[in-house]
Amino acid sequence: MMSDAISHAILPGIVVAFLLTQDLSSPLLVLAAGATGVLTVSLVELLGRTGLVARDAAIGLVFPALFSIGVVLIARYAGDVHLDTDAVLLGELAFAPFRRLTLLGVDLGPRSLYLMGAILFLQIALLLLFYKELKLATFDPAFAAAIGLAPAALHYGLMATVSVTVVGAFDAVGSVLVVALMVAPPAAAHFFVRRLSAFLALSAAFGIATAVVGYALARALDASIAGSMAVSAGAIFSLAFLLAPERGLVAAWLRRRSQRWEFAQETLAIHLLQHRGLPEEQEECRVAHLEQHLGWSAERAAEVVRRAENRGLVRREADLLSLSEAGVALGKERLST
Amino acid sequence: MTTTQPENAIEIADLTVAYRERPVLWDVDLVVPRGILMAVVGPNGAGKTTLIKAIMQLVRPAAGQVLILGRPIRAQRRIVAYVPQRGSVDWDFPTTVLDVVTMGRYGRLGWFRSPGRSERDAALETLRKVGMEELRDRQISQLSGGQQQRVFLARALVQDAEVYLMDEPFQGVDALTERAIVELLRELRARGKTVVVVHHDLQTVPEYFDWVTLLNVRRIASGPVAEVWTERNLRLAYGGRMAILAHELAPAPQLRASPAPDER
Amino acid sequence: MRLLESLLFDYTLRTIALGSLVLGAVSGVLGSFAVLRRQSLLGDTVSHAALPGIVLAFMLGGSKAPLALMLGAATAGWVGTLLLLAVVRHSRLKEDSALALLLSVFFGLGLMLLTFLQRRPDSSQAGLDRFLFGQAAGLLASDVIALAAVGALVLVLVLALWKSFKLVTFDPGFAASIGMRVRALELAITWLMVLAIVLGLQTVGVVLMSSMLIAPAVAARQWTDRLGRMVGLAALFGALAGVGGALLSSAVEKLPAGPTIVLGASAIALFSVLLAPHRGLLWRRLRARRLEVES
């Protein structure tokens, strides 16, 4: 949620920088955005540290206020220039190719391409440089601090990078949808991999896929590119959420369904084991008893017993159940873990 | 010891609780007679809190049955009082000591009735009993750990229940408060109430309680302290994690279980 | 004074002021519960998620009748909330990330539909995008009546279920132990919140509505240690910010209503955090100094 907060909150920084330079392509805008991002994070931390405001409320307090300042500034002083509130919020990727970078009168291509390219390069460089520090600080900040890694500084650095990225993306997708691009790909990737390096690579791949699919969708519908990209980001996440092997919803559901019977059989085995050879055995180890004491329905109890019999875990004489050797072994094994 | 009446306070049969198919309690059978003061002990992750919550039906068991004074909890909520762990709530919540204690009466008020004079009076009287009367208008974050625990205890007392289930009431409490709480628990027992306490400090078990249940996912042992509090049972419950082995049952100051590394 | 005069006699202005007042008060009441339940950011997700609902309602219904659009918004907001719970429950995503994810994806969907609509030649949908930043000036008498009806409903429910809402917010475990229907009560609180957000969309807009829930509640918390007073104060602060912001924005040219209202509410919150007696930062600093002097 911090990325959402930042993407909104850096607006006044950008507007002020724009009002000072009157130039939307000034590099000062990027710097101002980075600074405002760090300011946002500091404000949230500051509010949180007073103990008067819970952290989530602090986030929810700071970013709308800053964003409002930005919107009011635009409406008052920059309403009829190139910066308008809709564009800030929604982005206009379609115009990106028309804003070109020219050097000594030579057209070098779209400006956004260079800007985002530079940001990408910066990020990769930072990532490679601080890979293990970031890894440790994310995983265990207390330990990182203990060995002198200054996780707070890393945190602010990371948030500044986020701000810079957001301002780069502003042009393209606007402040709300950049959040989709930042959150959805990693959220989708985490269903598939455990290792951090693989996670980062897969996130990047999903990010690229999101952009390509989103653009195609926008062309097909003749609709907002930014909106379409967010939708494709959501679609990729949903697919991962539902269908990822092992951790996806469907896989988990199937596994749980089979585990439920497995678990019920184990419960039965342990139940029989606990009462084996004790005086109450005659009473406790009857099928009818399972309904009463385990709280199982008659059908469920019958099905569990049938499955356990088939697997050779229990033997049944009339109504009385007893464990086979395999059943005893299973019960003991499960109890000891 | 008070005489045990024919009915049992709590009867648990074959209780199995699992979080996402991972068992936390395995086939626990437990009978708690009426009018006893019982400790539930076991290593971290042994399912002590889960046991309490399952009795209250705050978690759904995968199998098993719980009866309170012979009837399912649904019909008995009025006569069971629950003291959650102190850390489970936000103490910065805008409310006062008296207000929290009054909450103990909400169960009797139904959906729409607001607490009135009689609820307030009952809460005040209970606060007097736990020695917190002067603090009744304090906001609850301005209390010490021991005072917060007393507030929770008072909230349970004002319910005027038959069975009390308490999750670590001695957690983060000063020695003086601990004494006071023990006195209150004994008074409850003297009035024929049944008290079940999740407890961490092994050393004080024989002194404070007359009955004990050792738990480690399954029930290791349960019964009068004199019979059940043995080296063998402790070893069974704690495995190799007992800090001491030779003189564990003597009241030695360092008799504590070291926390288990794997919290379930 | 001119403002006061026109407030009394100008029908439009009175409508706007009344509508913003009710909205601010309702948001303040429900926001108090949201903040205390640590659900401050849920409001932001719900309000963004409402956008596709509004657009879809317009596409299907073909009219801009407020009621139809509100219905669409409420449905989408509710769907968004349920999806959020599902994602948090069935994945290892932190709630925080899930909130941001749903917020941006739903908003993107709304935007895609909106632009898709706008490029249809026959469309007369202009004005749907005022939901982005809100437009207090566009409030009609019928809107105000709708607002007031919902406001009354909220008030009645909160008063009738007061002790249950309080206990479920403070200690849900204990509430369940005495047999309260915790799930139902939590759903009721969340549902009322969705309702309030949907109502606010027209005035404050999708982007900033969440702040109407949070800022008055945070401000009110600083002045009192009682839930009842906190909720009352939050309603008062919300109403103040609502009326003040709406009037200012209609009096001053080029001052959008949503951001103005939000800035008002944020200012009250900042003021309270700094200066409220007992809890405020200044107060604490003074007390610390006094203690130092004494010792």
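Notes on the structure in this doc start here.

Reading the values: rules and limits
- Residues numbered from 1 in each chain as written.
- Chains lettered and ligands numbered in written order.
- Predicted model: local features only at pLDDT ≥ 70, side-chain atom pairs only at ≥ 80, totals over all residues.
- Heavy atoms only, no water.
- Helix = DSSP H or I, 4+ residues; strand = E, 2+ residues; numbered from the N terminus.
- Rg over C-alpha atoms; globule rule 2.2 N^0.38 Å.
- Buried < 20%, exposed > 50% of the residue type's maximum accessible area, 1.4 Å probe, protein only.
- Contact = heavy atoms within 4.5 Å.
- Areas by Shrake-Rupley, 256 points an atom, 1.4 Å probe, with all protein chains shown as cover.
- Lys, Arg positive; Asp, Glu negative; His and termini not counted.
- Charge placed at Lys NZ, Arg CZ, Asp CG, Glu CD.
- Pairing = 2+ DSSP bridges.
- Axes fitted to C-alpha atoms, helices over the stretch in contact; angles between N-to-C directions.
- Salt bridge = Lys/Arg side-chain N within 4 Å of Asp/Glu carboxyl O.
- Buried area = accessible area lost by both parts, 1.4 Å probe.
- Polar contact = N/O pair within 3.5 Å; in protein donor to acceptor, adjacent residues only side chain to side chain.
- Nonpolar A, V, L, I, M, F, W, Y, C, P; charged D, E, K, R; others polar.
- Core = buried A, V, L, I, M, F, W, Y, C linked by side-chain atoms within 4.5 Å.

1. Some thoughts on the overall build of chain C
For step 1, the next point in the chain: Scanning chain C from N- to C-terminus turns up 14 helices and zero strands.
For step 2, the next point in the chain: Ordered by position from the N terminus, the helices and strands of chain C form the series α-α-α-α-α-α-α-α-α-α-α-α-α-α.
For step 3, the next point in the chain: Here the C-alpha radius of gyration of chain C, 20 Å, is about what a compact globule of 295 residues would show, namely 19 Å.
For step 4, the next point in the chain: Along the longest, intermediate and shortest principal axes, the C-alpha atoms of chain C span 80 × 55 × 35 Å.
For step 5, the next point in the chain: Per-residue burial over chain C gives 57% buried out of 295 residues.
For step 6, the next point in the chain: Of the contacts made within chain C by residues no fewer than 6 positions apart, 71% connect residues no fewer than 24 positions apart.
For step 7, the next point in the chain: Accessible surface computed for chain C: about 12100 Å², of which carbon and sulfur atoms make up 68%.
For step 8, the next point in the chain: One way to put it: in chain C the 25 positive side-chain charges average out to a point 7 Å from where the 14 negative ones average out.

2. Some points on the sheet that holds strand 6 (residues 163-167) of chain B
Residue and element names in this part refer to chain B.
For step 1, the next point in the chain: Read from one edge of the open sheet, six strands run 5-6-7-3-8-9, paired in mixed fashion. Across the chains shown, the open sheet's two edge strands, defined by having one partner strand only, are strand 5 (80-83) and strand 9 (218-224). The mean inter-strand angle of the sheet, taken between neighbouring strand axes irrespective of direction, is 15 degrees.
For step 2, the next point in the chain: Judged from the four bridges that link them, strand 3 (residues 37-41) and strand 8 (residues 211-216) form a sheet pairing that is parallel. Among the inter-strand pairings, Val 40 is bridged to a residue of strand 8, identified as Thr 213.
For step 3, the next point in the chain: Set on the sheet, helix 5 (residues 145-157) makes contact with strand 5 and strand 6; between it and strand 5 the angle comes to about 170 degrees.

3. Observations regarding the pattern of salt bridges
For step 1, the next point in the chain: A complete count under the given rule lists 23 salt bridges over all chains for this structure.
For step 2, the next point in the chain: In this structure, Arg 55 of chain A engages Glu 45 of chain A in a salt bridge whose closest nitrogen and oxygen atoms are separated by 3.6 Å. Separated by 10 residues along the polypeptide, Arg 55 of chain A in helix 4 (residues 55-78) and Glu 45 of chain A in helix 3 (residues 27-49) bring together distant segments of the chain.
For step 3, the next point in the chain: A salt bridge links Arg 155 of chain B to Asp 171 of chain C, with the nearest nitrogen and oxygen atoms 2.8 Å apart. On the criterion of chain membership, the pair formed by Arg 155 of chain B in helix 5 and Asp 171 of chain C in the loop between helix 8 (162-170) and helix 9 (172-177) is interchain, its members lying in two chains.

4. Quick notes on the side chain of Ser 211 of chain C
For step 1, the next point in the chain: As for its position among the elements, Ser 211 of chain C is in helix 11 (residues 209-223).
For step 2, the next point in the chain: Those residues in contact with Ser 211 of chain C, other than ones at most four positions away along the chain, are Gly 60 and Pro 64 of chain A together with Pro 216, Val 262 and Ser 266 of chain C.

5. Things to note about the environment of Gly 228 of chain C
For step 1, the next point in the chain: Mapped onto the fold, Gly 228 of chain C is located in helix 12 (residues 227-251).
For step 2, the next point in the chain: For the pair Gly 228 of chain C and Ser 20 of chain C, spaced 208 residues apart in sequence, the C-alpha to C-alpha distance is 22 Å.

6. Focus: the sheet that holds strand 1 (residues 8-19) of chain B
For step 1, the next point in the chain: The three strands are arranged 2-1-4 (chain B) in an open sheet whose pairing can be described as antiparallel. With partners counted over all chains shown, the strands left at the sheet margins are strand 2 (22-33) and strand 4 (63-68) of chain B, one partner each. Pairwise comparison of adjacent strand axes, ignoring direction, gives a mean angle of 15 degrees for this sheet.
For step 2, the next point in the chain: Across the sheet, helix 11 (residues 249-274) of chain A lies against strand 1, strand 2 and strand 4 of chain B, angled at about 40 degrees from strand 2 of chain B, the strand it touches most.
For step 3, the next point in the chain: Along the sheet, helix 13 (residues 287-294) of chain A contacts strand 1, strand 2 and strand 4 of chain B; its crossing angle with strand 4 of chain B, the most-contacted strand, is approximately 55 degrees.

7. A closer look at the interface of chain C and chain A
Accessible area lost on assembly of the parts is the figure often given for the size of an interface.
For step 1, the next point in the chain: Contacts between the two partners involve 55 residues from chain C and, on the opposite side, 55 residues from chain A.
For step 2, the next point in the chain: Each partner contributes to the roughly 4500 Å² buried at the junction of chain C and chain A, and carbon and sulfur atoms together form 74% of this total.
For step 3, the next point in the chain: The largest contributions to the chain C side of the interface with chain A come from Leu 41, Met 112 and Phe 133 of chain C, which together make up 12% of the buried area.
For step 4, the next point in the chain: Put simply, chain C and chain A have zero salt bridges between them.
For step 5, the next point in the chain: At the surface where chain C touches chain A, the tally comes to five residue pairs in polar contact (both at pLDDT 80 or more).
For step 6, the next point in the chain: Sort the elements by how many residues they give to the side of chain C that touches chain A and helix 5 (residues 95-118) of chain C lands first, with 15 residues.
For step 7, the next point in the chain: Here the side of chain C that touches chain A is built from residues that sort into 31 nonpolar, 14 polar and 10 charged.

8. Description of the nonpolar core
For step 1, the next point in the chain: Formed by 210 residues in total, the largest nonpolar core has its most connected members in Phe 237 of chain A together with Val 41, Tyr 164, Met 166, Leu 185, Leu 214 and Trp 229 of chain B.
For step 2, the next point in the chain: If one sorts the elements of this core by residue count, helix 8 (residues 151-189) of chain A sits on top with 15 residues.
For step 3, the next point in the chain: Within the second largest apolar cluster, 29 residues are counted, among which are Ala 54, Met 56, Ile 73 and Val 163 of chain B.

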